[in-house]
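So the chains spell out like this:
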Amino acid sequence: HTLVVHASDLPKGRGWSPHIWQILEGSNKITVSLLEAVDKFDEGDIWKKENIVLEGHELFFEINEKLFTITTKLMDFAIRNPNLKPTPQSKEGISYYSKRQPSDSELDPKKTISEQFNLLRVADEKRYPCFFYFKDQKFKLTLKKIKENET
């Protein structure tokens, strides 16, 4: 079997970076689907789904750690159940996410941090860092979690 893991509740959320788009939509529960790889991406039969629940403060790398943990769990499931008959995806409720672009990480300096916190926390500092324009200048903004006694 050739299987892939996709961070959405398929068939909803096919496409690119689904967990990022869902967090930006305000979701803290991400369904991760284990599915068969087929020619048309994200359309294979489903082997199993698992959920991760976010507390709303996790940053990019912490979110990815939770996704990797559930991915390992799903891979272990597939290895232990090689003869499983997967379930075809529903033809209802199909939706797609577009590929993220650098412009998707633009902050609005007129909005509060709270209003843009999800965008700040899902930003990939290397590929899609948050930025904003102010007084005709472009600024990059990064977010780092610190412990209580750190400065």
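Residues numbered from 1 in each chain as written. Predicted model: local features only at pLDDT ≥ 70, side-chain atom pairs only at ≥ 80, totals over all residues. Heavy atoms only, no water.

S.K.: Describe the overall build of the protein, and please don't skip the residues or the numbers.
M.R.: The number of helices and strands found in the protein is 3 helices and 7 strands. Taken from N to C terminus, the helices and strands of the protein fall in the order β-β-α-β-β-α-β-α-β-β. Taken over the C-alpha atoms alone, the protein extends approximately 60 × 35 × 25 Å along its principal axes. Long-range pairs, those at least 24 residues apart, make up 63% of the contacts in the protein with a sequence separation of at least 6. Per element, the accessible surface of the protein, about 10,100 Å² overall, is 53% carbon and sulfur. In the protein, the 24 positive side-chain charges and the 23 negative ones have mean positions that sit 0 Å from each other. (Helix = DSSP H or I, 4+ residues; strand = E, 2+ residues; numbered from the N terminus. Contact = heavy atoms within 4.5 Å. Areas by Shrake-Rupley, 256 points an atom, 1.4 Å probe, with all protein chains shown as cover. Lys, Arg positive; Asp, Glu negative; His and termini not counted. Charge placed at Lys NZ, Arg CZ, Asp CG, Glu CD.)

S.K.: Before we move on, could you go through the sheet that holds strand β1 (residues 3-6) and cite the residues and values that matter?
M.R.: Across a sheet, strands are paired by hydrogen bonds formed along the backbone, either parallel or antiparallel in direction. Strand order in the open sheet formed by 3 strands is β1-β3-β4, and the pairing between neighbours is antiparallel. If you trace the sheet from one side to the other, it starts and ends with β1 and β4 (46-53), each paired once. In this sheet, adjacent strand axes meet at a mean angle of 15° when their direction is disregarded. Relative to strand β3 (residues 29-36), β1 runs antiparallel, the two sharing 4 bridges. Along β3, the bridge assignment pairs Leu3 with Glu36. In the packing of helix α2 (residues 60-80) onto the sheet, contacts are made with β1, β3 and β4, and the angle to β4 comes to roughly 150°. (Pairing = 2+ DSSP bridges. Axes fitted to C-alpha atoms, helices over the stretch in contact; angles between N-to-C directions.)

S.K.: Break down the nonpolar core for me, with residues and values.
M.R.: Counting 16 residues, the largest nonpolar core has Ile23, Ile30, Leu34, Ile52, Leu54, Ile63 and Leu67 as the members making the most contacts within it. Broken down by element, this core gets its largest block of residues, 6 residues, from α2. Ranked by size, the runner-up nonpolar core spans 6 residues in total, among them Leu119, Leu120, Ala123 and Cys130. (Core = buried A, V, L, I, M, F, W, Y, C linked by side-chain atoms within 4.5 Å. Buried < 20%, exposed > 50% of the residue type's maximum accessible area, 1.4 Å probe, protein only.)

S.K.: Describe in detail the packing of aromatic side chains, supporting the description with residues and values.
M.R.: By the definition in use, this model includes 3 aromatic pairs. Here the aromatic rings of Trp21 and Tyr97 are separated by 6.4 Å at their centres, their planes lie at 5°, and the arrangement is stacked. Here Trp21 is found in helix α1 (residues 18-24), whereas its partner Tyr97 is found in strand β5 (residues 96-97), with 76 residues between them in sequence. Seen in terms of ring centroids, Phe131 and Tyr133 are 5.8 Å apart; in terms of plane orientation they differ by 90°. Their pairing is edge-to-face. Under the relative-accessibility criterion, Tyr133 is labelled partly exposed at 42%. The lysine or arginine in question, Arg100, covers the ring of Trp21, its NZ or CZ lying 5.1 Å from the ring centre. (Phe/Tyr/Trp six-rings, centres within 6.5 Å; stacked < 30°, edge-to-face > 60°. Lys NZ or Arg CZ within 6 Å of the ring centre and 35° of its normal.)

S.K.: Mind laying out the layout of surface pockets, listing which residues take part and the relevant values?
M.R.: Approximately 450 Å³ is the volume attributed to the largest pocket. In terms of lining residues, the largest pocket is bounded by 22 residues, among which Ser17, His19, Ile20, Asn64 and Arg127 are the most central. Going through the elements one at a time, β1, α1 and α2 are the ones with two or more residues in the lining of the largest pocket. Among the elements that line the lining of the largest pocket, the one with the most residues is α2, at 5 residues. (1 Å grid on protein atoms, 1.4 Å probe; cavity = no way out; pocket = protein on both sides within 12 Å on 5 of 7 lines; lining within 4 Å. Points joined across faces, edges and corners; volume = space filled by probe spheres on them.)

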